[in-house]
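# Architecture at a glance
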2 protein chains.
Amino acid sequence: MAAKLTNSRKTPCELCPLRPLPHFREFTSEELDFVSDFKKGELTVDPGAIVLLEGARSAHLYTVLSGWAFRYKTLLDGRRQILNYVMPGDLVGLQGSITGEMQHSVEALSTVTLCVFERTQLHTLFSRYPSLAYDITWIAAREERILDEHLLSIGRRTAIERAAYLLAFLAQRAKALRMVEGRVVLPITQQHVADTLGLSIVHTNKTLKKLADRGAIVWRDRSCDVLDEEALKAVSGWEGLEEKSRPFI
Amino acid sequence: MAAKLTNSRKTPCELCPLRPLPHFREFTSEELDFVSDFKKGELTVDPGAIVLLEGARSAHLYTVLSGWAFRYKTLLDGRRQILNYVMPGDLVGLQGSITGEMQHSVEALSTVTLCVFERTQLHTLFSRYPSLAYDITWIAAREERILDEHLLSIGRRTAIERAAYLLAFLAQRAKALRMVEGRVVLPITQQHVADTLGLSIVHTNKTLKKLADRGAIVWRDRSCDVLDEEALKAVSGWEGLEEKSRPFI
DNA sequence: CGCGGATTTGAGCGACGTCAAGGAGCGTGG
DNA sequence: CCACGCTCCTTGACGTCGCTCAAATCCGCG
């Protein structure tokens, strides 16, 4: 089964595993009450499952509770571009909620659990909880900033710079979310990297090999171990995104 | 003089030239009053002027009233990537207002007039006018959607497809805003196109020549006349963004 | 063991970059 | 009016980064 909706066994927001992380901001108890009410259930999907499909008009909006996914678009002939990766605390489907129809798809990389919200209640949130509304705008502005960086990367960096940037970026996010045990392991294939960087899979492989030869990464078991994040940042010339504490819903 | 602040001679929001356009949504009179109060003055800059600089902490937030500009980022060695174009009704500096520091720069293409808002009042807007707060989120989500399209384009389209997409995109936006007299004229140089598409200027020139040979465009006088928007859409395989009525502040 | 997906590697090619030079248009100063 | 210097556009020659085609290997899974 690809998707499972567990209305009954939902994690109460008071016990949200993300909330204690220093990466995320605190909630007031009022906000927490509202979000808890806003949350309608949980959805768990298997790796490879499509969470949202381009063109769909979903009644829902999600926050990722655990797991990895990615957003992508495709051209008519099948060429695929991965736009960004989706990780715990990220809002999924906001674009669809606001413009009516999803303009991109979302696919799970690992088993993913999502908090389910109802699109129709978004207006209530804006009316009654301005601080949460501001948080949503904050999250949207952050996504925009990340897309800006990706655009710079794909448009103007060389293959090896792009690859190094992407892996450093993912490693940094994973570390901030404590999604790592000791070493950082990214659950992606080289095909994902290729589709993110706008490169062919063959050239991606050769480029990643160069990074591996330098000891920055190891590719193993359909995933990438990041051994030397600083080396990746040096190769790409990327400074990293400094984020102290960020909101989530 | 590159910039001129005219606090005295500001266009009252009741007489905003954008408001009557079918492209934009209506305001209630209460919203209009607030926005009018929110607006602190107007800023007019000359072509080529930097409106906002990466790294700056501006106390202001702007809406474009007239003219063309673009957002961009640069790498340390000077490689430049244009992220998107800024046109009337667009919000400028929201990212800076929310994350503290601008992560990209904005430069004027033509003479640009901007409505000036104060960043500190953004919280008041969220508290007191949820509908405007929602509009701001709407605008942010729209920008995200456009960046998604650009990313797909740069990552996966060929040079001629990318060029055709970009020009069709700009032509469509210009037409929706009635920034055209008869034919669509885009006030950009080939260097701007190159920096948007992630191509060299030489290859951009050769690519644009192909589009000109097909009769889709004419390059003239530091600007691009779009003669056949449908041809551009056909070449790029881009469907266009359907937008009925959109909000602005 | 066989199969399919992921990774790896080599060979050849083509899209796009770099270098270089020239022309057109425009503003400035003589 | 003309010379100049500047930016932008154009074009050719040539190099290279990244793509396609092709084949081999590895691995988990049924």
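The structure displayed is predicted, hence computed values, not measured ones.

### A short note on the pairing of strand β11 (residues 217–220) of chain B
Residue and element names in this part refer to chain B. By the bridge criterion, 4 bridges tie β11 to strand β12 (residues 223–226) in an arrangement that is antiparallel. Bridging from a neighbouring strand, arginine 220 pairs with serine 223 of β12. Linkage of β11 to β12, two consecutive antiparallel strands, is achieved through a turn of 2 residues, within which aspartate 221 is found at a positive phi near 60°.

### What to know about the UniProt feature "domain: HTH crp-type" (unreviewed entry) in chain A
The feature "domain: HTH crp-type" (unreviewed entry), as given by UniProt, occupies residues 157–230 of chain A in the numbering adopted here. Taken end to end, residues 157–230 of chain A comprises 55% helix and 15% strand; its first and last C-alpha atoms sit 18 Å apart.

### A word on the protein's contact with DNA strand D
Around DNA strand D, a shell composed of 14 residues is seen, among which Ser200 of chain A together with Gln190, Asn205, Lys209 and Trp219 of chain B lie nearest. Counting only the atoms of DNA strand D that lie within 4 Å of the protein, the sugar and phosphate share comes to 69%. One of the side-chain nitrogen or oxygen atoms of asparagine 205 of chain B is found 2.8 Å away from a phosphate oxygen of DNA strand D. Of all the secondary-structure elements, those providing two or more residues to the surface near DNA strand D are α7 (201–213) of chain A together with α7 (201–213) of chain B. With 4 residues, the single largest contributor to the surface near DNA strand D is α7 of chain B. In the surface near DNA strand D, the residues fall into 5 nonpolar, 6 polar and 3 charged.

### A look at the interface of chain A and chain B
Between chain A and chain B, the residue contacts involve 48 residues of the former and 48 residues of the latter. Summed over both sides, the interface of chain A with chain B buries roughly 4600 Å², with 64% coming from carbon and sulfur. Area buried by chain A at its contact with chain B is led by Tyr134, Leu151 and Arg156 of chain A, which between them contribute 18% of it. Taken together, the connections running from chain A to chain B amount to 6 salt bridges. The shortest N-O distance in the salt bridge between glutamate 161 of chain B and arginine 79 of chain A comes to 3.0 Å. The tally of links from chain A across to chain B stands at 21 residue pairs in polar contact (both at pLDDT 80 or more). Residue assignment for the side of chain A that touches chain B shows that the elements contributing at least two residues are β5 (69–74), β6 (80–86), α2 (94–99), α3 (122–128), α4 (130–156) and α6 (190–197) of chain A. By residue number, the principal contributor to the side of chain A that touches chain B is α4 of chain A, which donates 20 residues. When grouped by side-chain class, the residues that make up the side of chain A that touches chain B number 20 nonpolar, 14 polar and 14 charged.

### As for the pattern of salt bridges
Residues and elements named next belong to chain A. Overall, the coordinates contain 38 salt bridges over all chains when judged by the stated rule. With a shortest N-O distance of 3.8 Å, arginine 57 and glutamate 101 are connected by a salt bridge. Taken together, the positions of arginine 57 in the loop between β3 (50–52) and β4 (60–66) and glutamate 101 in the loop between α2 and β8 (105–108) put the pair 44 residues apart, joining distant regions of the chain. Note on arginine 57: relative accessible area 60%, which makes it exposed.

### Quick word on the environment of serine 131 of chain B
All names here are of chain B. Assignment of secondary structure puts serine 131 in helix α4 (residues 130–156). A relative accessible area of 32% places serine 131 in the partly exposed class. Measuring from C-alpha to C-alpha, the distance between serine 131 and leucine 18 comes to 19 Å, with 113 residues separating the pair along the chain. Look past the residues within four positions of serine 131 in its chain and what remains in contact with it is Arg25 and Glu31.

### Quick word on the side chain of glutamate 144 of chain A
For glutamate 144 of chain A, the position within the fold is in helix α4. Look past the residues within four positions of glutamate 144 of chain A in its chain and what remains in contact with it is Arg71, Gln95, Ala140, Glu143 and Leu147 of chain B.

### Description of the protein's contact with DNA strand C
The environment of DNA strand C is formed by 15 residues, the closest being Gln190, Asn205, Lys209 and Trp219 of chain A together with His203 of chain B. If you look at DNA strand C and keep only atoms within 4 Å of the protein, 69% of those are sugar or phosphate atoms. Within the side chain of lysine 206 of chain A, an N or O atom sits 3.4 Å from a base nitrogen of DNA strand C. Taking serine 200 of chain B, its side chain carries an N or O atom lying 3.0 Å from a phosphate oxygen of DNA strand C. Sorting the residues of the surface near DNA strand C by element identifies α6 and α7 of chain A together with α7 of chain B as the ones contributing at least two each. Among the elements that take part in the surface near DNA strand C, α7 of chain A stands out by supplying 4 residues, more than any other. A breakdown of the residues in the surface near DNA strand C according to their chemical character gives 5 nonpolar, 7 polar and 3 charged.

### Overview of the sheet that holds β12 of chain B
Residue and element names in this part refer to chain B. If you walk across this open sheet you meet the 3 strands as β10-β12-β11, and the pairing is antiparallel. Whereas interior strands pair on both sides, the edge strands pair on one side only; in this sheet they are β10 (184–186) and β11. Averaged over all pairs of adjacent strands, the angle between their axes in this sheet comes to 25°, without regard to strand direction. Each of β10, β11 and β12 touches helix α5 (residues 159–176); the most contacted strand, β10, lies at about 115° to it.

### What about the domain arrangement of chain A?
Residues and elements named next belong to chain A. Along its sequence, chain A is organised into domain 1 (3–145) and domain 2 (150–236). The interface is formed by 18 residues belonging to domain 1 together with 21 residues belonging to domain 2. Roughly 1700 Å² is buried in total at the junction of domain 1 and domain 2, and carbon and sulfur atoms are behind 62% of that figure. Between domain 1 and domain 2 we count 2 salt bridges in total. Across the salt bridge formed by arginine 173 and aspartate 90, the nearest N and O atoms sit 2.6 Å from each other. Counting residues per element, the side of domain 1 that touches domain 2 draws most heavily on β6, which supplies 6 residues.

### Digging into the relation of the copies chain A and chain B
If you rotate chain A by 180° and push it 0.0 Å along the axis, it lands on chain B with an RMSD of 0.0 Å. Between the two chains, the operation in question is that of a two-fold axis. Interface overlap between copies is the fraction of interface residues in one copy that are interface residues in the other; for chain A against chain B it reaches 100%, indicating a shared surface.

Criteria and cut-off values
Residues numbered from 1 in each chain as written. Chains lettered and ligands numbered in written order. Predicted model: local features only at pLDDT ≥ 70, side-chain atom pairs only at ≥ 80, totals over all residues. Heavy atoms only, no water. Pairing = 2+ DSSP bridges. Helix = DSSP H or I, 4+ residues; strand = E, 2+ residues; numbered from the N terminus. UniProt positions renumbered as here; feature names shortened; annotations may be inferred. Near = heavy atom within 4 Å. Polar contact = N/O pair within 3.5 Å; in protein donor to acceptor, adjacent residues only side chain to side chain. Nonpolar A, V, L, I, M, F, W, Y, C, P; charged D, E, K, R; others polar. Contact = heavy atoms within 4.5 Å. Buried area = accessible area lost by both parts, 1.4 Å probe. Salt bridge = Lys/Arg side-chain N within 4 Å of Asp/Glu carboxyl O. Buried < 20%, exposed > 50% of the residue type's maximum accessible area, 1.4 Å probe, protein only. Axes fitted to C-alpha atoms, helices over the stretch in contact; angles between N-to-C directions. Domains from an automatic or database assignment. Least-squares fit on C-alpha atoms with pLDDT ≥ 70 in both.

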